[in-house]
Amino acid sequence: MIPAHTPYDGTSKPFAIGLKQAEARDWIELDEHLEAYLAQKDRLYAEIPDKVFVAEPETRAAQQEVLDLLVAHLVERYPETYRLEGGRCVIAGSGRFVDVTNAGDNPLIAASKLVQEDLILMRQGENGWRLAAGSLCFPSSWRLTEKFGKAIHDIHGPVPGFGPGTRMNELIARMFDKLAVLVERFNWSVQANGELYHPLSDRQRLARSAETDSTFPCADVAAHAFIRVERQTLRKLPISGDILFTIRIYLDPLAVLARNPDRAQLAPSFAGQLMSLDRDQLDYKGLTADRDRLVGFLNGIASAG
């Protein structure tokens with residue numbers, strides 16, 4: 001198993017903006033796990049719809065714009081998987097489809113049921129860019145309902161160095177204002193299970209930061225640790241002027257690194273990134289108690305060649 005992305009190899013610095021231009025054809029990423037991701041989304045929409053989708057009523061037109069752009073892209077980029085039949089976008093071999101022309105009150109839900117990515121709609125207002133709508137089935141330690149309606153600087157408030165009044169916050173606001181092309185960035189974390197749905201409230205994060213107990217259930221970190229990689233993209237919608245933020249999650253067991261042909265380079269780079277984190281950053285990632293054990297495991301992989 002070769003990970004699709006390895007931002008811990010030194011190409012993406014933790015707690016940095018790290019944006020780069022992306023090719024338009026690479027906007028959405030598709031792999032053999034599409035059905036599993038979509039089945040998980042179906043389950044979450046059935047069981048906890050209010051926790052995985054939010055929207056301001058005035059965003060319907062922008063949501064439809066997202067759906068139309070997404071369908072056009074998928075049909076062109078992945079014709080073996082997606083096709084248009086009348087007003088429906090059909091996913092080959094799955095029995096799945098979405099009605100493009102009659103997607104109901106919240107077309108963003110229909111859009112989200114086509115892809116593995118989560119979809120967040122940002123809208124500019126008097127207080128800056130705010131989270132105006134979103135389908136978030138696979139959160140990385142945050143809750144959609146807590147961030148709904150908040151401006152970007154408040155959303156990033158808990159992130160070390162990214163809160164209101166920081167230089168990073170000013171850079172992000174400026175970047176949103178001037179966004180003209182598709183851009184992407186990567187982020188990584190380490191979690192104690194392979195769950196895609198991984199919410200955490202701000203209160204839970206603070207409680208976790210105050211504790212020094214291990215995140216993992218036993219001393220064998222490698223047996224339980226999963227590397228969670230986020231590929232994020234941003235693009236400005238041509239009609240509404242809103243910004244669509246996509247988040248694609250990849251999960252790989254940490255132990256897989258030991259079998260990676262590039263392990264001699266990846267493991268020490270990952271260990272170096274962990275060692276570079278200060279206490280606030282470790283607390284935010286929930287790794288304060290486990291950093292040294294993770295680094296020890298990674299150094300063992302590196303020394304084994």
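Since we're looking at a predicted model, the values are computed, not measured. (Residues numbered from 1 in each chain as written. Predicted model: local features only at pLDDT ≥ 70, side-chain atom pairs only at ≥ 80, totals over all residues. Heavy atoms only, no water.)

Trainee: Before we go on, may I ask you to explain the sheet that holds strand β5 (residues 96-99) in this structure?
Mentor: Through backbone hydrogen bonds, the strands of a sheet pair up, either in parallel or in antiparallel fashion. Reading across from one edge, β3-β4-β5 is the order of the three strands in this open sheet, with antiparallel pairing throughout. Looking along the sheet, the strands with just one partner apiece sit at the ends: β3 (82-85) and β5. Put simply, the sheet's adjacent strands are angled 25° from each other on average, direction ignored. As judged from the four bridges shared by strand β4 (residues 88-91) and β5, these two strands associate in the antiparallel manner. Within β5, the position partnered with cysteine 89 by the bridge is valine 98. Strands in contact with helix α1 (residues 34-47) are β3, β4 and β5; relative to β5, the strand with the most contacts, it is inclined by about 60°. In this fold helix α3 (residues 60-77) packs onto β3, β4 and β5, with an angle of close to 115° to the strand it touches most, β3. (Pairing = 2+ DSSP bridges. Helix = DSSP H or I, 4+ residues; strand = E, 2+ residues; numbered from the N terminus. Axes fitted to C-alpha atoms, helices over the stretch in contact; angles between N-to-C directions. Contact = heavy atoms within 4.5 Å.)

Trainee: So what exactly am I meant to see when it comes to the nonpolar core here?
Mentor: Note that soluble globular proteins tend to have their nonpolar side chains buried in a common cluster. By size, the foremost hydrophobic cluster in this structure holds 86 residues, and its most contacted members are Leu114 and Phe270. Per element, the largest residue contribution to this core is seven residues, and it comes from strand β10 (residues 243-253). With sequence-adjacent residues up to four places away left out, leucine 114 is seen in contact with Leu34, Leu38, Leu67, Val71, Leu74, Tyr82, Cys89, Ile91 and Val98. (Core = buried A, V, L, I, M, F, W, Y, C linked by side-chain atoms within 4.5 Å. Buried < 20%, exposed > 50% of the residue type's maximum accessible area, 1.4 Å probe, protein only.)

Trainee: Which parts of the structure should I look at to understand the state of the cysteines?
Mentor: In a disulfide, the sulfur atoms of two cysteines are covalently bonded to one another. This model, assessed by the stated rule, comprises zero disulfides. Between cysteine 89, a free cysteine, and cysteine 137, which holds the nearest cysteine sulfur, the sulfur-to-sulfur gap is 18 Å. (Disulfide = S-S within 2.5 Å.)

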